[in-house]
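Letter by letter, the chains look like this.
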Amino acid sequence: MEPVWKEFFEHAALLRQSPGPSLGRKTWEDGGGRRHARGKDSAPSSIDRIPRASPHPGGRSAGQRTAREAALPQDLRALLDESTGLLRLPDTQAMLSSDKAAEVHDTHNELASGSLEAPFSALSPLDPQGPVARQDLFSVHTHTRAAFAFPPDSVFAGTQIDRRVFVRWGQYSAAEAMRRLIIAALRDPRNQRFAFLSESCAPLFPPAVVHAQLLADRLSRVSLCPQHGKAAERWGPYLHREGLLTKVHWRKSSQWLSLTKSHAEVVRRDDSLWRLFEQECYSYEPGGGLPLPPYMRAVGRSASARRSCVSDEHYFPTLLAVAGLQNETSCEGSLTFTHWAAGGWSPKVYRARDVGPELLRVMRRGVWETRECPVAAALASAAAQHRARGSWAGLGLPRELHHSDGDPSPPGYQPMPDRCMLFGRKFAPDALPALLRLGGVCDQEGTAIHPSCLSQEMGVPEVRAAVY
């Protein structure tokens, strides 16, 4: 969906707002990166207290390591460090931007190091003339495979965080990647909201609405309501730790959540619950259907019974419940529409034939089909908080967006209920042309993300009255 996000940020780069809070956002997850310097007033996080992964072979015999190394493709075998058994990062952009090569590289290094954290994280420079660098509304942080670096012409080049982890589906590593993204985003004091997205997500609104709505949300979009069903089924006695975690605090939420800054700080300060999750909250199927993560096998950890514990769905809501913050979250707990009606481990995938105004209406409303989402009012009032760069000459500064008492809510914006979704997933690659066409529709029948939807004379998108 990268071309969709390129249009989104190109649009954002045409908007100007007065100085104030911005948003931290995670877009992709599972390994690549850039180092972020910690601000002088930033408190150390639990990640800062974790030693870097040691570049030494894991708990395998020399014979096993030799067999593993012999199986490497020739171009990767040339990167092997004989003294450590680790693969160095590729030195060509073609290999660094190959997801297949990065997968082989990371699988080898996870076994060789016996570590959750990758020994090396590929870096890519930020283009100062790119749309992400030129816009003022969002800060962007991504977590990709450790050996993957976005090519220079990617809209996400330069956004990857350092000290990435080896991400495996259903394992604690997915939650750890999210924790590290939050901690990286907190190093920018302007960031006030922290939203998680995946590579198959697409925006349902233009940047002005996304920015204004997230700042207007007083609650984190994460579910902390007492739960039953699948959430209760995933609790096991192995998770119980007196004084740390009991069943009464166990929660499940969508991993595509958003957090207020105070809740993001709770994540950064956690120095105990994440360790319990890393040790005990993982998914395993005996017989190899869902194996243990390689780093666990490399250090001799084993499991004999089936376990279903998806850390990225449980860690964040459970941490906030332990902290007694359930009244500061929305019960439904998501900002991204995902269709799970078919059941199973994966949601419905939307193809090109599915994408259009009707799907957009359904996604914006979410599962609450009778709930109103005042889209036109949100579009018009959000646009009024911004101006197009270079427009309104001689009319003075735009309206101050943020209250002086520290409340980041944009005055004048007419917010939608926090059950109205801002993003949708899961889109197949063939849906991209249809999503781009929908982005060029500049009223409530489209997503209005194309830069042409911003009037250069007024800085306000055209809208027609409508309530979904």
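Scroll up to find the structure.
Residues numbered from 1 in each chain as written. Predicted model: local features only at pLDDT ≥ 70, side-chain atom pairs only at ≥ 80, totals over all residues. Heavy atoms only, no water.

### Notes on helix H7 (residues 172–186)
The first and last C-alpha atoms of H7 sit 21 Å apart over 15 residues, in line with the 21 Å expected at 1.5 Å per residue. Most of H7 is tucked away, with 15 of its 15 residues classed as buried. (Helix = DSSP H or I, 4+ residues; strand = E, 2+ residues; numbered from the N terminus. Expected span 1.5 Å × (residues − 1). Buried < 20%, exposed > 50% of the residue type's maximum accessible area, 1.4 Å probe, protein only.)

### What to know about unusual backbone geometry
The amide bond that connects Arg425 to the next residue, Lys426, takes the cis arrangement and shows omega of 15°. Counting through the fold element by element, Lys426 comes out in the loop between strand E9 (423–424) and helix H16 (432–439). Of note in this structure, Arg163 is not a glycine but carries a positive phi near 55°. Note on placement: Arg163 falls in the loop between strand E3 (138–141) and H7. By relative accessible area, which is 13% here, Arg163 ends up buried. If you check the backbone angles, Ala448 has positive phi at about 55° while not being a glycine.

### Comments concerning the side chain of Gln160
Among the structural elements, Gln160 can be located in the loop between E3 and H7. At a separation of 3.5 Å, a polar atom in the side chain of Gln160 contacts the main-chain amide nitrogen of Phe150. (Polar contact = N/O pair within 3.5 Å; in protein donor to acceptor, adjacent residues only side chain to side chain.)

### Points about the pattern of salt bridges
Enumeration over the complete set of coordinates arrives at 20 salt bridges. Its salt-bridge partner being Arg179, residue Glu176 comes within 2.9 Å of it at the nearest N-O pair. Note that Glu176 and Arg179 are positioned in helix H7 at a spacing of three residues, about one turn of the helix. We note a salt bridge from Lys252 to Glu313, for which the minimum N-O separation is 3.5 Å. Taken together, the positions of Lys252 in the loop between helix H9 (230–233) and strand E6 (258–260) and Glu313 in helix H13 (residues 311–322) put the pair 61 residues apart, joining distant regions of the chain. Judged by relative accessible area, which is 10%, Glu313 ranks as buried. Via salt bridges that share partners, Glu117, Arg163, Glu176, Arg179 and Arg180 belong to a single interconnected network. (Salt bridge = Lys/Arg side-chain N within 4 Å of Asp/Glu carboxyl O.)

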